[in-house]
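So you can see what is in the structure, the chains are spelled out below.
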Amino acid sequence: MEAIAFYTFSFLTIAMFWIAVMSNQALYALSATAAGMIFISAFFFLLGADFLGALQIIVYTGAIMAIYAFGMMFFDTTRVVKERHRPPFLVMGLSILSAVLIVFIVSAPIISENIVAHHPVIEGIDNPQAIGVVLFTKYLIPFELAAVMLLVAMIAGIILAGKKMDRSLTLMRDEEIEIAQELQDSKRVSV
Amino acid sequence: MEWAFIAETIIKVLVVVLVFSALAGIGTYFERKVLAFMQRRLGPMHVGPFGLLQVAADGIKLFTKEDIIPTGVVKPIFKIAPVITAATAFMAAAAIPFWPEFTVPFTDYVVSPIISDLNIGVLYILSVMAIGLYGPLLGGMASNNKWSLISAARGASIFISYEVITGLSLLAPLMIVGSFSLLDFNAYQSAGVTDWIVWQQPVAFILFWIAAFAETGRTPFHLVANDHEIIDGFGTEYSGMRWGLFAIGEYANMFFLAFVMALIFLGGFGDGSVLGALGLLLKVSLIFFFFLWTRAAWPDVRPDQLMWLCWKVLMPLAIINIVITGFVLMF
């Protein structure tokens, strides 16, 4: 049962990302990436890491892909993107081959030993609790560091994006917008 | 045992899908009747007694209408978008307990009417409902229609606003109960009305309620299909059952969110007696009625007003609520 699920979802994931890379239709690529992200979460569920699986869906599919979709709206997504170069199949084949080889080289010595989890799931407690236990003991410092970095990124984002937050274009009359635009243009010229 | 489990799960899935598809149709009837009552009209009256068969007439119309796929749309994406909305709405229902445990009459077979009691229940429901956004988004982008595209943009702006509020407002009750499972939430409040989480977490309840309006895209946050454009936003190019799937997804989402709110904040089905179970249905109906009442009473807000509300008012409130809850739990 588990093997069937694993191979099905690996096939689906690879197929989705294959479409994302090979398609020259922007909307196909976007939907395929989103679907691929969802299928990846299936592996977390198969391994019993339900919490990480749900987070994978929320963060990647829900948040990041939605932002991508926002950006995609500035293009005409119904047209096919004209790519000038033909995909160089030789380079592609060789790079895929070398990537597979590197995986084999790195993973061969590990496979020969029995793989043992560093922090096996503690029996008798829920999956989200187990994550909390590990996060707040073994990985406390990386966790806090990541939190601080995210806070810094958030403040930087607000400062970069919020330069004219006090001015709402929807509340201004057309003449006011034009005057503001001209002022800005004249400043740009003088600088 | 194994086969009994598989058969039981399939039956549960079928029941949920059939009941809530039908409820989506009946929901439209109640919506029209309630709106009509509040606007001093009669609403649907002609088909059947009190217009009750209007649902069947609408259903037949939707099913038999030609499924038009305009030229110039991105066909596969255009076709799959409504399916995403409907499917994710029903997938979210997998972790919702609709009724307390009961034994099948004349046997000793115990049925627990939840399809799968995941240990990440609430998180699963939120994440799957979050994927539902892709229906309007992809539908609008694939439609090759400027209004649909703008509607999809509004949908994305709603989404990035409410998602944070939903998560943060649920954190405080989660901290109190210490579990993601809706069954545990129910067990925590099973002693009686005084144990309902809404008394401990009124702020979280109201925040989640507001976010639920944005999540289902109901008035006052009915921005996805902006009514004063007279067309149906992302659904402009859709016809027949594909449009119907969008509607079913929207109404099913309303019912499921009403169940989630009743289970998390309003005591769920209580001690598990039949009376408690009927109480759950009553609470769900009241929340559903409130969705309709709001639609009759309030105008829509603009997207920038929604984002202002979510990011500048509701999010700080939610975070303050979490901090206070944390302090109270700690000391």
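Residues numbered from 1 in each chain as written. Chains lettered and ligands numbered in written order. Predicted model: local features only at pLDDT ≥ 70, side-chain atom pairs only at ≥ 80, totals over all residues. Heavy atoms only, no water.

1. Describing the overall build of chain A
Part 1 of the argument: When its secondary structure is counted, chain A shows 7 helices and 0 strands.
Part 2 of the argument: Seen in sequence order, chain A has helices and strands lined up from the N terminus as α-α-α-α-α-α-α.
Part 3 of the argument: Its C-alpha radius of gyration of 24 Å places chain A more than 25% over the 16 Å reference for a compact globule of 191 residues.
Part 4 of the argument: Referenced to the eigenvectors of the C-alpha coordinate spread, the extents of chain A come out at roughly 70 × 50 × 30 Å.
Part 5 of the argument: Looking at chain A as a whole, 21% of its 191 residues are labelled buried. (Helix = DSSP H or I, 4+ residues; strand = E, 2+ residues; numbered from the N terminus. Rg over C-alpha atoms; globule rule 2.2 N^0.38 Å. Buried < 20%, exposed > 50% of the residue type's maximum accessible area, 1.4 Å probe, protein only.)

2. Re the overall build of chain B
Part 1 of the argument: For chain B, the count of helices and strands is 12 helices and 2 strands.
Part 2 of the argument: Since a compact globule built from 331 residues should have a radius of gyration of about 20 Å, the 20 Å found for chain B is in line with a globular shape.
Part 3 of the argument: Projecting the C-alpha coordinates of chain B onto the three principal axes gives extents of approximately 60 × 55 × 45 Å.
Part 4 of the argument: A fraction of 75% describes how many contacts in chain B between residues 6 or more apart in sequence connect residues 24 or more apart.
Part 5 of the argument: For chain B, the exposed surface amounts to about 15,300 Å²; the carbon and sulfur share of it is 73%.
Part 6 of the argument: When the 17 basic and 21 acidic side-chain charges of chain B are each reduced to a single mean position, those positions are 13 Å apart. (Contact = heavy atoms within 4.5 Å. Areas by Shrake-Rupley, 256 points an atom, 1.4 Å probe, with all protein chains shown as cover. Lys, Arg positive; Asp, Glu negative; His and termini not counted. Charge placed at Lys NZ, Arg CZ, Asp CG, Glu CD.)

3. Some words on the domain arrangement of chain A
Part 1 of the argument: Segmenting chain A into domains produces domain 1 (1-83) and domain 2 (139-191).
Part 2 of the argument: Between domain 1 of chain A and domain 2 of chain A, the C-alpha centre-to-centre distance is 31 Å. (Domains from an automatic or database assignment.)

4. Looking at the nonpolar core
Residues and elements named next belong to chain B.
Part 1 of the argument: The biggest cluster of nonpolar side chains holds 108 residues, and the ones touching the most others in it are Ile 96, Ile 125, Leu 137, Phe 256 and Phe 265.
Part 2 of the argument: Counting residues per element, this core draws most heavily on helix H10 (residues 240-264), which supplies 15 residues.
Part 3 of the argument: Filtering out sequence-adjacent residues up to four positions away, Phe 265 remains in contact with Leu 170, Pro 173, Gln 189, Trp 196, Ile 197, Val 198, Gln 201, Ala 204, Phe 205 and Phe 208. (Core = buried A, V, L, I, M, F, W, Y, C linked by side-chain atoms within 4.5 Å.)

5. With respect to empty space enclosed by the protein
Residues and elements named next belong to chain B.
Part 1 of the argument: In the structure shown here, the tally under the stated rule is 1 cavity of 30 Å³ or more.
Part 2 of the argument: Looking at the largest cavity, its volume works out to about 30 Å³.
Part 3 of the argument: If you trace the largest cavity, you find it lined by Val 122, Ile 125, Leu 126, Leu 170, Phe 208, Leu 257 and Val 260.
Part 4 of the argument: Elements represented by at least two residues in the lining of the largest cavity include exactly helix H4 (121-131) and H10.
Part 5 of the argument: It is H4 that provides the largest number of residues to the lining of the largest cavity, a total of 3 residues.
Part 6 of the argument: Tallied by class, residues from the lining of the largest cavity come to 7 nonpolar, no polar and no charged. (1 Å grid on protein atoms, 1.4 Å probe; cavity = no way out; pocket = protein on both sides within 12 Å on 5 of 7 lines; lining within 4 Å. Points joined across faces, edges and corners; volume = space filled by probe spheres on them. Nonpolar A, V, L, I, M, F, W, Y, C, P; charged D, E, K, R; others polar.)

6. With respect to the environment of B:Leu14
Part 1 of the argument: For B:Leu14, the location among the structural elements is in helix H1 (residues 2-38).
Part 2 of the argument: The class of B:Leu14 is partly exposed, set by a relative accessible area of 49%.

7. Overview of the pattern of salt bridges
Opposite charge on two side chains lets them pair, provided their charged atoms get close.
Residue and element names in this part refer to chain B.
Part 1 of the argument: Applying the stated criterion to the full structure yields 9 salt bridges over all chains.
Part 2 of the argument: Residue Asp 58 pairs with Arg 32 through a salt bridge whose shortest N-O separation is 3.4 Å. Of this pair, Asp 58 sits in helix H2 (residues 54-64) while Arg 32 sits in helix H1; the two residues are 26 residues apart in sequence, bridging distant segments of the chain.
Part 3 of the argument: Overall, the relative accessible area of 27% leaves Asp 58 in the partly exposed class.
Part 4 of the argument: Residue class for Arg 32 comes out partly exposed when judged on its relative accessible area of 36%.
Part 5 of the argument: What emerges from the salt-bridge pattern is a single network uniting Glu 31, Arg 218, Glu 250 and Arg 295. (Salt bridge = Lys/Arg side-chain N within 4 Å of Asp/Glu carboxyl O.)

8. Description of the packing of H1(B) against H10(B)
Residues and elements named next belong to chain B.
Part 1 of the argument: Close contact between H1 and H10 brings their axes to 9 Å; oriented N to C, the two are set at 100 degrees. One way to sum up the angle between H1 and H10 is to call them roughly perpendicular. The residues of H10 that touch H1, namely those facing Val 16, Phe 20, Leu 23, Ala 24, Gly 27, Thr 28 and Glu 31, are Ile 248, Tyr 251, Phe 255, Phe 256 and Phe 259.
Part 2 of the argument: Partitioning the contact of H1 with H10 into residue classes produces 9 nonpolar, 2 polar and 1 charged. (Axes fitted to C-alpha atoms, helices over the stretch in contact; angles between N-to-C directions. Parallel < 35°, antiparallel > 145°, perpendicular 65-115°, else oblique.)

9. Quick word on the interface of chain A and chain B
Part 1 of the argument: Contacts between the two partners involve 30 residues from chain A and, on the opposite side, 27 residues from chain B.
Part 2 of the argument: Carbon and sulfur atoms supply 77% of the area that chain A and chain B bury against each other, a total of about 2,500 Å² over both sides.
Part 3 of the argument: Connecting chain A to chain B are 0 salt bridges.
Part 4 of the argument: Here chain A and chain B share 1 residue pair in polar contact (both at pLDDT 80 or more) between them.
Part 5 of the argument: Put simply, the parts of the chain that give the side of chain A that touches chain B at least two residues each are helix H2 (26-46), helix H3 (50-72) and helix H5 (127-136) of chain A.
Part 6 of the argument: Looking at the side of chain A that touches chain B element by element, the count peaks at 13 residues for H3(A).
Part 7 of the argument: Taken together, the residues of the side of chain A that touches chain B break down into 19 nonpolar, 9 polar and 2 charged. (Buried area = accessible area lost by both parts, 1.4 Å probe. Polar contact = N/O pair within 3.5 Å; in protein donor to acceptor, adjacent residues only side chain to side chain.)

10. Examining the confidence of the model for chain B
Part 1 of the argument: For chain B, per-residue confidence averages 88 on the pLDDT scale, and residues scoring 70 or more make up 100% of the total.
Part 2 of the argument: Across the assembled chains, the prediction reports ipTM 0.84 with pTM 0.87. (pLDDT = per-residue confidence, 0-100.)

11. Section: helix H1 (residues 2-22) of chain A
Residue and element names in this part refer to chain A.
Part 1 of the argument: Under the 1.5 Å per step criterion, the end-to-end length of H1 is 30 Å for 21 residues, consistent within 8% with the ideal 30 Å.
Part 2 of the argument: Within the sequence span of H1, burial applies to Ser 10, Thr 13, Met 16 and Ala 20. Projection of H1 onto a plane perpendicular to its axis shows the buried side chains occupying an angular sector of 135 degrees, all on one side. Exposed residues lying more than 90 degrees from the buried face of H1 are Ile 4, Tyr 7, Phe 11 and Ile 14.
Part 3 of the argument: The elements touched by buried residues of H1 are H2. (Expected span 1.5 Å × (residues − 1). Arc of directions from axis to C-beta.)

12. A word on a positive patch on the surface
All names here are of chain A.
Part 1 of the argument: Taken together, the side chains of Lys 163, Lys 164, Arg 167 and Lys 187 make up a positively charged region of the molecular surface.
Part 2 of the argument: With respect to the element layout, Lys 163 can be found in the loop between helix H6 (140-161) and helix H7 (174-190).
Part 3 of the argument: Given the relative accessible area of 69%, Lys 163 is considered exposed. (Patch = residues over 30% accessible without salt bridge, like charges linked within 9 Å, V, L, I, M, F, W, Y side chains within 5 Å.)

13. A closer look at a negative patch on the surface
Part 1 of the argument: A surface patch of like charges, here negative, comprises A:Asp174, A:Glu178, A:Glu182 and A:Asp185.
Part 2 of the argument: Within the secondary structure, A:Glu182 is located in helix H7.

14. Topic: the packing of aromatic side chains
Residues and elements named next belong to chain B.
Part 1 of the argument: Within this structure, the stated rule accounts for 28 aromatic pairs over all chains.
Part 2 of the argument: Between the aromatic rings of Tyr 238 and Phe 246, the centroid separation amounts to 5.1 Å while the plane-to-plane angle is 90 degrees, which identifies the pairing as edge-to-face. Each member of the pair Tyr 238 and Phe 246 is classed as buried.
Part 3 of the argument: An aromatic cluster of three or more residues is present, and its members are Phe 205, Phe 208, Trp 209, Phe 213, Phe 265, Phe 289, Phe 290, Phe 291 and Trp 293. (Phe/Tyr/Trp six-rings, centres within 6.5 Å; stacked < 30°, edge-to-face > 60°.)

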